Amino acid sequence: MLNPQQSAYCKHHSTETALLYIHDHLSNTIGSRKVSRLCLFDLSAAFDTIDHNILLTRLSSWFVIHGTALNWFRSYLSSCCLHVKCNNNFCCQHTCLRGVPQGSVIGPLLFDMYTTPLSTLVSSLSLNHHLYADDTQLFLSFHPSHFHSNISHLQNALQQISPWMTANLLTLNSSKTEFFLIGLEQQLSKIHDTTCLLLQPTPLATFVLFL
């Protein structure tokens, strides 16, 4: 039931498998004389912004966790608290209303379960993707002559992904989000306008890679 497009925190799903998955896709498209638009998204403090009510609803509706098991998760999340120590003095204790502990065994797993619907949404938009922890990679491959129509498709898809992230209290870190246009030099030379905006008044970083 776990997301097959998610690497990290799961046996046989590491940085190596994530890199191999994307590298294999890009190599195949280059062999077909296509170029690829690779979007690398970074979320700001993703583990700290997880809403407990949304997470519990997701555990129930997506992963069919009910009864005692769901109550255990509810107890675990409601019991999280923190305080800061400075010069051997502790501040007042505060209850964590959001987020999952990153240093725990189950915290990263809960994050993966929280973001599972994102893969379903991306797949419904006819985009290839892979996730590694809180990093998301989207990629779209096409012939250079279809550049503008595919970029429009990508832009429309991002306009649907962005509200989902907002509704789930996930914030895109635009300073660490990058776009790559990847392909053979002779194919990339057929494209004259390589800019792409991501729902921002200022273009995000865009790179062209000649292979």
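Structure: above.
Residues numbered from 1 in each chain as written. Predicted model: local features only at pLDDT ≥ 70, side-chain atom pairs only at ≥ 80, totals over all residues. Heavy atoms only, no water.

1. A few points about the nonpolar core
Nonpolar side chains in soluble globular proteins generally cluster together in the buried interior.
Inference 1: With 43 residues, the main nonpolar core has L55, L59, L110, L138 and I161 as its most contacted residues.
Inference 2: If you list the elements that add at least two residues to this core, you get β2 (35-44), α2 (52-61), α3 (67-78), α4 (106-114), α5 (116-124), β8 (135-142), α6 (147-167) and β10 (178-183).
Inference 3: Sort the elements by how many residues they give to this core and α6 lands first, with eight residues.
Inference 4: If near-sequence neighbours (up to four positions away) are discounted, L110 is found in contact with L55, L59, F73, Y76, L77 and V100.
Inference 5: In terms of nonpolar packing, the next biggest core, distinct from the first, is built from seven residues, L26, F139, F180 and I182 among them. (Core = buried A, V, L, I, M, F, W, Y, C linked by side-chain atoms within 4.5 Å. Buried < 20%, exposed > 50% of the residue type's maximum accessible area, 1.4 Å probe, protein only. Helix = DSSP H or I, 4+ residues; strand = E, 2+ residues; numbered from the N terminus. Contact = heavy atoms within 4.5 Å.)

2. What about the packing of α5 against α6?
Inference 1: One can describe the packing of α5 onto α6 by two numbers: an axis separation of 10 Å at closest approach and a directional angle of 165 degrees. Here α5 lies roughly antiparallel to α6, going by the angle between them. Where α5 crosses over α6, the handedness of that crossing is right-handed. Across from P117, L118, L121 and V122 in α5, the residues of α6 making contact are Q160, I161, W164 and M165. (Axes fitted to C-alpha atoms, helices over the stretch in contact; angles between N-to-C directions. Parallel < 35°, antiparallel > 145°, perpendicular 65-115°, else oblique. Left-handed = near helix turned anticlockwise from the far one by under 90°.)

Everything listed is a geometric property; what it means functionally is a separate question.
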